[in-house]
Amino acid sequence: MVSIVGNAKNAGKTTVLNEVIKHKNECLMITSIGLDGEEIDQVTFLEKPQVYVRKNDIIATAKDCLQQCLASFSFVQETSIQTAIGPVVICEVDQPGKVLIAGPSTVDDMDRLIQELASKYRHQILIDGAFSRQSFARISETTIFVIGANASIDMHQTVEEAYYAYRKLTLPKVDIDVLMHQNKNHIVLFNEQGAIDLGFDTLLGNEVDVFKSITDHTKWLYIPKSLTDEFINRWINHYDRYRFDIIVQSSVNIQLSNQNLSHLFKMNCGVFVLHPINVSKVCVNPFSPRGYNYDGLQFKEMISERLGVKAINVKEVDKDE
């Protein structure tokens, strides 16, 4: 199962999806987070690529989208998963063409749909993501991260923000089972004497109480839900006193502004996850639908150097990559 997530709206995720579909010899199952494949983006009202599917591919999309599909298909099943534009249905493509795909909008519903598909087919599953919904990467076996010029007209700013977003997505798994005997639904502090269960599950509204419990002996702080901007702001103000490592469930629990995300990684602390995300490829898109472009080669080279991985412009490579 492969998910595709981006650094910004209109990063180029659907373009990458179409290239993956084109170069796969085997049949695929394709769905998305929310609406995708529409001719005009429903948020920005800019043109965007449609999803092109092949004969014998399987699509999972909202029922009302079927009337806008140019590919011909056979109806397989209507699921109990609801979207704003009807229940999700499963169809098999009879003749290739363009389709409009609108899948589940929650992780739980996507997980249910994946289980439903996996019980009926052995096809690889592709999930076309949303730039604000990187939580779906958590349930995927592998993730493609798409970095698009649409994030900013300033290429250097896009590269720097993508670097911190990539670091967040690829946080390492904690290598010691510090939570073996702890309630994983509560915030827990760890010091030389042991663990302290703070008795609540979220930082929201509890930042002050958490910092009252932190001492200069604190080594770890486990947060089961979101790591917040308010917490980071307080930590920065007390960083000369408190230095400890952070553990979160998954990188998608780090819901920080770009500025605070960079602050987090510039501090001399470790950030670890219980459930790591496997980012298998980084793709770049130097074109913005807002009417400006980057130098494609320079952008790819800057991303590759800054992230320390080989970036791919899918429009310029063959299927072996």
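Residues numbered from 1 in each chain as written. Predicted model: local features only at pLDDT ≥ 70, side-chain atom pairs only at ≥ 80, totals over all residues. Heavy atoms only, no water.

A. The arrangement of the sheet that holds strand 1 (residues 2–6) in detail. Taken in spatial order, the 9 strands line up as 6-7-5-2-10-1-11-17-18 in an open sheet, and their pairing is mixed. Among the strands making up the open sheet, the edge pair consists of strand 6 (72–83) and strand 18 (311–312). By the bridge criterion, 2 bridges tie strand 17 (residues 279–285) to strand 18 in an arrangement that is parallel. Residue pairing in the sheet places Cys283 in a bridge with Ile312 of strand 18. In the packing of helix 2 (residues 107–120) onto the sheet, contacts are made with strand 2 (28–32), strand 5 (58–62), strand 6, strand 7 (86–95) and strand 10 (124–128), and the angle to strand 6 comes to roughly 140°. This element, helix 7 (residues 296–307), spans strand 11 (142–148), strand 17 and strand 18 of the sheet and lies at about 150° to strand 17. (Pairing = 2+ DSSP bridges. Helix = DSSP H or I, 4+ residues; strand = E, 2+ residues; numbered from the N terminus. Contact = heavy atoms within 4.5 Å. Axes fitted to C-alpha atoms, helices over the stretch in contact; angles between N-to-C directions.)

B. Representation of unusual backbone geometry in the model. Its identity as a non-glycine residue notwithstanding, Asn10 has a phi of 60°, on the positive side. Along the polypeptide, Asn10 turns up in the loop between strand 1 and helix 1 (13–23). The buried category is assigned to Asn10, whose relative accessible area is 11%. (Buried < 20%, exposed > 50% of the residue type's maximum accessible area, 1.4 Å probe, protein only.)

C. Examining the pairing of strand 12 (residues 188–191) more closely. Residue alternation in strand 12 divides its side chains into two sets, Val188 and Phe190 and Leu189 and Asn191, and both sets are buried. Alignment of strand 12 against strand 13 (residues 194–197), held across 4 bridges, turns out to be antiparallel. Among the inter-strand pairings, Asn191 is bridged to a residue of strand 13, identified as Gly194. Count of turn residues in the strand 12/strand 13 antiparallel hairpin: 2 residues. Where strand 12 and strand 14 (residues 220–223) come together, 3 bridges link them in antiparallel fashion. Bridge pairing in strand 14 places Val188 opposite Tyr222.

D. Focus on helix 7. Counted at 1.5 Å a residue, the expected span for helix 7 with its 12 residues is 16 Å, and the 16 Å between its end C-alpha atoms agrees. Considered for burial, the residues of helix 7 that qualify are Gly296, Phe299, Lys300, Met302, Ile303 and Leu307. Across the axial projection of helix 7, the buried residues extend over an arc of 165°, all falling on one side. Across from the buried face of helix 7, at angles greater than 90 degrees, the exposed residues are Leu297 and Glu305. Buried residues along helix 7 sit against strand 11, helix 3 (155–169), strand 17 and strand 18. N-cap assignment for helix 7: the residue whose side-chain oxygen lies 3.3 Å from the backbone N of Leu297 is Asp295. Two residues or fewer past helix 7, Gly308 is found with a positive phi of approximately 75°. (Expected span 1.5 Å × (residues − 1). Arc of directions from axis to C-beta. Polar contact = N/O pair within 3.5 Å; in protein donor to acceptor, adjacent residues only side chain to side chain.)

E. Focus on the sheet that holds strand 15 (residues 245–248). Across the sheet, which stays open at both edges, the 5 strands sit in the order 13-12-14-15-16 with mixed pairing between neighbours. Here the strands that pair on one side only, and so sit at the sheet edges, are strand 13 and strand 16 (271–273). Taking each pair of neighbouring strands and ignoring which way they run, the sheet shows an average axis angle of 20°. Looking at chain direction, strand 14 and strand 15 are connected through 4 bridges and run parallel. When the sheet's bridge partners are listed, Trp220 is paired in strand 15 with Asp245.

F. Here's a closer look at the pattern of salt bridges. Considering all chains together, one arrives at 9 salt bridges under this definition. Here Glu230 makes a salt bridge to Arg234, at a shortest N to O gap of 3.0 Å. In this pair, Glu230 and Arg234 are both assigned in helix 5 (residues 229–237), 4 residues apart and thus about one turn of the helix distant. Residue classification places Glu230 among the partly exposed positions, given a relative accessible area of 36%. (Salt bridge = Lys/Arg side-chain N within 4 Å of Asp/Glu carboxyl O.)

No statement about biological role is implied by the geometric values presented.
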